[in-house]
Amino acid sequence: MLNSRSQGAGMTAGPRLSRQAPVPCIQHTAILPARQRCERAEVLGVIPRAHAGSPEPPVAVIGRHKPTYTNANFPTDAEGRTYHLGTKEGEVAPRILSVGSVGRAQLLSTLLDPPVPGKPLFQRISSRGFLTITGRFQGEPVSIVSTHMGMPNMDFVVRENRAVVRGQMAIVRLGTCGAVQRPAKLGDLLIAARGSIGIRRDPDYWTLAHQHVHQQQHHATGNGSGTSAAGGAPAPAAANGNGAAGGLSYSYGAGAAAGTRPYMVSLPVPADDELAALLTAEATAVVGAGRVVQGLNASADSFYSSQ
């Protein structure tokens, strides 16, 4: 079963929301069934080209400059390479370790088995900045993929790797996260054995909250003219849900009055039980039971506004 966790700054979820320092976090695990083949096509591309020395705007010209994809739902080029990761069948191993940064991917690649002479590790960085490194660890084929941050990026990594890998595929996401519930503490290894929830910010909440405050101010002035009925002096601004005069209201009260909530929290998406148990056992053997914490991961759709 696929865990929808995708962001590199996750949290263990719980009733207490006092944030502690970042700690290492194995954010989700997934085992996926065999893939379906994707379409391939070699067609002409369309690119813009400006006229040299001419004030005229660029025009579209047709030529073999950039591939055009016939399947917008799952684009691949003539070689069968995926659109965002740029890898094709035979370049990605069934066991994938996903990390946030390119630097971390390169660091982890130093733990792979030494390559066979004349056959260096496979490395490819796509035009979108995704780095894939494939080699062997203790004889087993392994790929390390830099995922960067965010749910859309993880969606690219899972789906595009699934498209080029035959048979069963296992993914472990390794990153850092903020712990929001004890017993997790700085330096612990958190394993999302209970799965992950998704948190999405609803921008309409603040828009409607602003309209709600505007309506309050309008009614307070009587006719919306900005003057009081008593004598022409500006009327005091209506207090918002936080008790402050004027401005936007970020409280739950004003948004609730408009019928919205600031955040949507999904139901938990479970991790793969067998893979989570293996990770817990291996981590415990290496760092000790006192530094391994199992819990529920929370993934926000943006780093600042949704956390």
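Heads up: the structure comes first, above all this text.
Computed from a predicted structure; not experimentally measured. (Residues numbered from 1 in each chain as written. Predicted model: local features only at pLDDT ≥ 70, side-chain atom pairs only at ≥ 80, totals over all residues. Heavy atoms only, no water.)

J.: Whenever I open this one, the pairing of strand β9 (residues 169-179) confuses me. Can you help?
T.: It is a general feature of regular strands that their side chains alternate between the two faces of the sheet. Burial analysis of β9 places eight of its 11 residues in the buried class, which makes it a mostly covered element. With five bridges joining them, strand β5 (residues 95-99) and β9 adopt parallel strand pairing. Bridging from a neighbouring strand, S98 pairs with R173 of β9. (Buried < 20%, exposed > 50% of the residue type's maximum accessible area, 1.4 Å probe, protein only. Helix = DSSP H or I, 4+ residues; strand = E, 2+ residues; numbered from the N terminus. Pairing = 2+ DSSP bridges.)

J.: Please clarify how the pairing of strand β6 (residues 122-125) should be interpreted in this entry.
T.: Here four bridges tie β6 to strand β7 (residues 131-137), and the two strands are oriented antiparallel to one another. Directly across from F122, in β7, lies its bridge partner T134. Where β6 folds back onto β7 in an antiparallel hairpin, the turn is made up of five residues, including G129, whose phi is positive at roughly 90 degrees.

J.: Is there a simple way to explain helix α2 (residues 151-164) in this structure?
T.: Given 3.6 residues to a turn, an α-helix orients residues that are three or four positions apart in the same direction. The first and last C-alpha atoms of α2 sit 20 Å apart over 14 residues, in line with the 20 Å expected at 1.5 Å per residue. When we look at burial in α2, the residues that qualify are N153, M154, V157, V158, E160, N161, R162, A163 and V164. (Expected span 1.5 Å × (residues − 1).)

J.: Sorry if this is basic, but what is going on with the nonpolar core here?
T.: The nonpolar side chains of soluble globular proteins are, as a tendency, buried together. Formed by L85, V92, I96, F130, V145, M154, V157, V158, V164, V165, M169 and I171, the largest nonpolar core amounts to 12 residues. A total of four residues in this core trace back to one element, the largest contributor, which is α2. Core analysis: the next-biggest nonpolar cluster, separate from the first, contains nine residues, V172, L189, L279 and A283 among them. (Core = buried A, V, L, I, M, F, W, Y, C linked by side-chain atoms within 4.5 Å.)

J.: Can you help me understand the packing of aromatic side chains in this one?
T.: Counted under the stated rule, the structure contains two aromatic pairs. Seen in terms of ring centroids, F130 and F156 are 6.3 Å apart; in terms of plane orientation they differ by 85 degrees. Their pairing is edge-to-face. Residue F130 is found in the loop between β6 and β7, and its partner F156 is found in helix α2; the two are separated by 26 residues along the sequence. The class of F130 is buried, set by a relative accessible area of 2%. Consider the rings of F303 and Y304, whose centres lie 4.8 Å apart with planes at 80 degrees: the pair is edge-to-face. (Phe/Tyr/Trp six-rings, centres within 6.5 Å; stacked < 30°, edge-to-face > 60°.)

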